[in-house]
Amino acid sequence: MKIIVLPGDGIGPETMAATEEVLQTANKRFDLSLELEHDIAGHTSLQKYGSTVTSALLEKVRAADGLMLGPMSTYDFKDESKGEINPSKYFRKSLDLYANIRPARTYQGLTNKVGPFDLIVVRENTEGFYADRNVESGSSEMLITPDVVISLRRITRLCCERIARASFELAQTRRKKITIVHKANVLKIADGMFIDICKTVGQEYPDVQIDDFIVDAMMAHVVRTPDKFDVIVTTNMFGDILSDLTSELSGSLGLAGSLNAGTHYAMGQAAHGSAPDIAGRDVANPMSLILSAGMLLGWCGQQKKSPKLLEASRAIDRAAEQVIREGQVTRDVGGNLGTQAAGMALAKSLQTV
Ligand code: NAD
């Protein structure tokens, strides 16, 4: 069972080191025969190979069982012709990782401003308002004149259908409620189609209750009554924004895991970015990346029908609950541990929890 590990930029290396500590502990305790193979992407790869990602790396990832991608300084990567490719987009698009699953929940031991909740944002990951995911090659942002830019948003029936189905499948394993988030009052054709398809797919899941909210109003609803939501399905950019909000509402942007999943491949990746403002100071919260690694083990467990992997994934969640309850966490969530110590604490808890 091989996982390719790409530490990334900014806080990537330190949060990935903490995550590896946890994965190695899971490996020992649950006898996973896990092999972590390191490689590089982002700035280190740009310096070494002249490109943030390489096709050789992609082939390596395709041959492995999963990928852990550290946060990348994507904002720095502006010109693909100079090798500055967004690694997130590269893997999401090349591996067709169409479902970005972003759970956010509150924990005992952490105060939060909005009360307890437990929800999952399911974000379409391969099209939408993302210039780098809408055309076969190149960008779908165009400079028409020096003062006029056009950005295209692509929405397709196939992508709507598969993200809807992934969401209903997930809802069936939870509290059986789906909320469709859209902007169909303005984006009438595209988001109208998104809602219609979600509701049509929903007819195959009669036990799942469906409602829908316009994305702007949703920001108020999710802050006011986050406990009303179970699985939220939405298009790419709305999901990106909404999931940062739900993660922060749960306590910190550094707290929520994120899995990018397709039919054949999956990639664990923290929901947050490379946080250059705190990089290299041993203060970043490794929890988001650790929980993402746990989600990746869970996905591999389902693919391989492996009880050991599934149990390892659940145990990482339980260990996270324990260290948070005991306050063995980083400063952003009220603790006083550094990144490395927080990873060690979780790994220690994982030995017995
Ligand atoms: P960010 O998510 O990196 O940081 C936003 C804020 O949250 C900062 O104050 C940061 O210190 C804090 N934060 C983030 N992660 C944290 C953690 N684990 N623990 C504690 N605090 C944490 O967003 P940004 O500053 O807008 O972006 C920085 C870079 O990351 C940019 O280049 C951006 O393009 C990139 N980015 C990458 C990804 C990705 O790789 N998936 C996602 C978002 C942003």
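Reading the values: the criteria
- Residues numbered from 1 in each chain as written.
- Predicted model: local features only at pLDDT ≥ 70, side-chain atom pairs only at ≥ 80, totals over all residues.
- Heavy atoms only, no water.
- Buried < 20%, exposed > 50% of the residue type's maximum accessible area, 1.4 Å probe, protein only.
- Helix = DSSP H or I, 4+ residues; strand = E, 2+ residues; numbered from the N terminus.
- Pairing = 2+ DSSP bridges.
- Right-handed = clockwise from strand over helix to strand, strands pointing away.
- Phe/Tyr/Trp six-rings, centres within 6.5 Å; stacked < 30°, edge-to-face > 60°.
- Axes fitted to C-alpha atoms, helices over the stretch in contact; angles between N-to-C directions.
- Contact = heavy atoms within 4.5 Å.
- Near = heavy atom within 4 Å.
- Polar contact = N/O pair within 3.5 Å; in protein donor to acceptor, adjacent residues only side chain to side chain.
- Areas by Shrake-Rupley, 256 points an atom, 1.4 Å probe, with all protein chains shown as cover.

Caption draft 1: Main features of the pairing of strand 1 (residues 2–6). For strand 1, the tally of buried residues reaches four of five residues, placing the bulk of the element in the interior. Two strands pair when backbone bridges link them, and strand 1 and strand 2 (residues 35–38) are joined in this way by four bridges, in the parallel orientation. Along strand 2, the bridge assignment pairs Lys 2 with Glu 35. Following the backbone out of strand 1, through helix 1 (residues 12–30) and into the adjacent parallel strand 2, one traces a crossover that is right-handed.

Caption draft 2: Here's a closer look at the packing of aromatic side chains. For the coordinates displayed, the defined rule picks out three aromatic pairs. Relative to Phe 91, the ring of Tyr 90 lies with its centre 5.4 Å away and its plane at 75°, an arrangement referred to as edge-to-face. Owing to a relative accessible area of 15%, Tyr 90 belongs among the buried residues under this scheme. Between Phe 168 and Tyr 205, the ring centres sit 5.3 Å apart and the planes meet at 15°, which makes this aromatic pair stacked.

Caption draft 3: Main features of the sheet that holds strand 10 (residues 231–234). Strand order across the open sheet formed by ten strands is 2-1-3-12-11-4-5-10-8-9, with mixed pairing between neighbours. In this open sheet, the two edge strands, each paired with only one partner strand, are strand 2 and strand 9 (209–214). For this sheet, the mean inter-axis angle between neighbouring strands, taken without regard to orientation, is 25°. Its contacts with the sheet place helix 3 (residues 55–63) against strand 1, strand 2 and strand 3 (66–69), and it is angled at close to 145° to strand 1. The strands touched by helix 7 (residues 215–224) within the sheet are strand 5 (118–124), strand 8 (177–182), strand 9 and strand 10, with strand 9 carrying the most contacts at an inclination of about 110°.

Caption draft 4: Local environment of the site of the ligand. Surrounding the ligand, one finds 20 residues, the nearest of these being Thr 74, Gly 273, Ala 275, Asp 277 and Asn 285. Residue Gln 269 places a side-chain N or O atom 3.2 Å away from a nitrogen atom belonging to the ligand. The backbone of Ser 274 places a nitrogen or oxygen atom 3.0 Å from an oxygen atom of the ligand. Contact with the protein chains removes 70% of the 810 Å² of surface that the ligand exposes when unbound.

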